[in-house]
Amino acid sequence: MIQMEWYRMFLYTARKGNLTKAAEELLITQPSVSYGIKQMEDALGLRLFHRLSKGVQLTEEGRALLPYVEQAFSLLEAAERHANDLKRLEEGEIRIGASDSLIKHMLLPQLNQFHQEHPAIRIRLSHGKTPDLARRLKDGAIDCAIVHMPLNDAQLHIEPLAELEDCFVVGSRYQAYAGRTLSTDELAKLPLLFLSPGSSTRTHVERWFAAQGRAVKPDMELGSVDLLAEFAGQGYGAAFITRSFVDEELRSGKLFRLQLEQPLPSRGIGLAVRRDTALPLAAERFVEMLRSGPSL
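What this report covers is the structure whose coordinates are included nearby. (Residues numbered from 1 in each chain as written. Predicted model: local features only at pLDDT ≥ 70, side-chain atom pairs only at ≥ 80, totals over all residues. Heavy atoms only, no water.)

Considering all chains together, one arrives at nine aromatic pairs under this definition. Measuring from ring centre to ring centre gives 6.2 Å for phenylalanine 168 and tryptophan 208, while their planes differ by 45°; the resulting arrangement is tilted. In this pair, phenylalanine 168 is assigned in strand S7 (residues 166–170) and tryptophan 208 in helix H8 (residues 200–211), connecting sequence segments 40 residues apart. Taking 5.0 Å as the distance between ring centres and 70° as the angle between the ring planes, the aromatic pair formed by tryptophan 208 and phenylalanine 209 counts as edge-to-face. As far as the burial class goes, tryptophan 208 and phenylalanine 209 line up, both buried. Clustering of aromatic rings is evident, with ring pairs tying together Phe168, Phe194, Trp208, Phe209 and Phe240. (Phe/Tyr/Trp six-rings, centres within 6.5 Å; stacked < 30°, edge-to-face > 60°. Helix = DSSP H or I, 4+ residues; strand = E, 2+ residues; numbered from the N terminus. Buried < 20%, exposed > 50% of the residue type's maximum accessible area, 1.4 Å probe, protein only.)

Structure representation (structure tokens):
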């Protein structure tokens, strides 16, 4: 390949029609431009300029070459502008994965802040359960994910972001049960409302019951926290749910928290990224915001 700098000298000389003026634009000496053009001509085996007393003029071969060189440098300049826009976060995108409940109740404030600070960055948000998000992350379909912990995967780097406090809540129909401490057996006799199978939340509550020698089958399996809260409030049973997600309902008296003899263990929320891949600049900035900002 001909040296890129020779093409630059050719382009500026063709535009200026003069070796000295081209040198001034390129901030180099006129002999350097003359030498570069000669080297390029020798390498191509073509004469590109007629040397005239008052400057230079493109030969037919030089005129044929010029549009290609102009287009090449135009593309390079566009690429450089694009790279600078990416560096200034004036272009780009972030691809984030999280469960619906985490998106609504925990991630949305950080997304709003990022969107206000960098409105030109496109936010691609997808929902899913933790195992699905881990798979998409490893496949390169998303840049980062907010996941339920524990999650162990050698291909992912996972760091804790927050602790979740889970609880069972009921509506007014079962309010009497909220006035005393329930054993696991008493709780298991109530109609139970769980998230659908495969979610980390569902696995967590099933393991809690199993650790106490109980295998339970929920009366309802629902696809979202909002539905769990709604059906519990309507009196369908006790819903397993993260307390902070139903703070308003608990304060207003729409829902009531059950007290348990055997406390529920807390769960962690983590930020997951791929170990072997550098984050795009926009995603890196968002991850920094999550790490340094207020707890989720």
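Between its terminal C-alpha atoms H8 stretches 16 Å, which fits the 16 Å expected from twelve residues at 1.5 Å a residue. For H8, the full list of buried residues reads Thr201, Arg202, His204, Val205, Trp208 and Phe209. Projected onto a plane normal to the axis of H8, the buried residues spread over an arc of 165° and lie on a single side. Along H8, the residues that are exposed and aim more than 90 degrees away from the buried face are Arg207 and Ala211. At the C-terminal side of H8, glycine 213 shows a positive phi close to 75°. (Expected span 1.5 Å × (residues − 1). Arc of directions from axis to C-beta.)

This next bit is on the sheet that holds S7. In space, the five strands of this open sheet follow the order S10-S9-S11-S7-S12, with mixed pairing throughout. At either margin of the open sheet sits one strand with a lone partner, and together these are strand S10 (220–222) and strand S12 (256–257). Along the sheet, H8 makes contact with S7, strand S9 (192–195), S10 and strand S11 (238–242), crossing S9 at roughly 135°. (Pairing = 2+ DSSP bridges. Contact = heavy atoms within 4.5 Å. Axes fitted to C-alpha atoms, helices over the stretch in contact; angles between N-to-C directions.)

Our focus in this paragraph is the nonpolar core. Judged by nonpolar contacts, the single largest core of 39 residues is most densely connected at Ile94, Leu107, Ile146, Val169, Ile241 and Phe286. Setting aside its immediate chain neighbours within four residues, isoleucine 94 contacts Phe114, Ile121, Arg122, Ile123, Arg124, Asp143, Ala282, Ala283 and Phe286. (Core = buried A, V, L, I, M, F, W, Y, C linked by side-chain atoms within 4.5 Å.)

Here we come to helix H1 (residues 4–16). Counted at 1.5 Å a residue, the expected span for H1 with its 13 residues is 18 Å, and the 19 Å between its end C-alpha atoms agrees. Three or more residues of H1 are buried, namely Trp6, Tyr7, Met9, Phe10, Leu11, Thr13 and Ala14. If you follow the buried residues of H1, they end up packed against helix H2 (19–26), helix H3 (30–44), strand S1 (49–52), strand S2 (55–58) and helix H4 (60–87). Positive backbone phi, at 65°, marks glycine 17, one or two positions downstream of H1.

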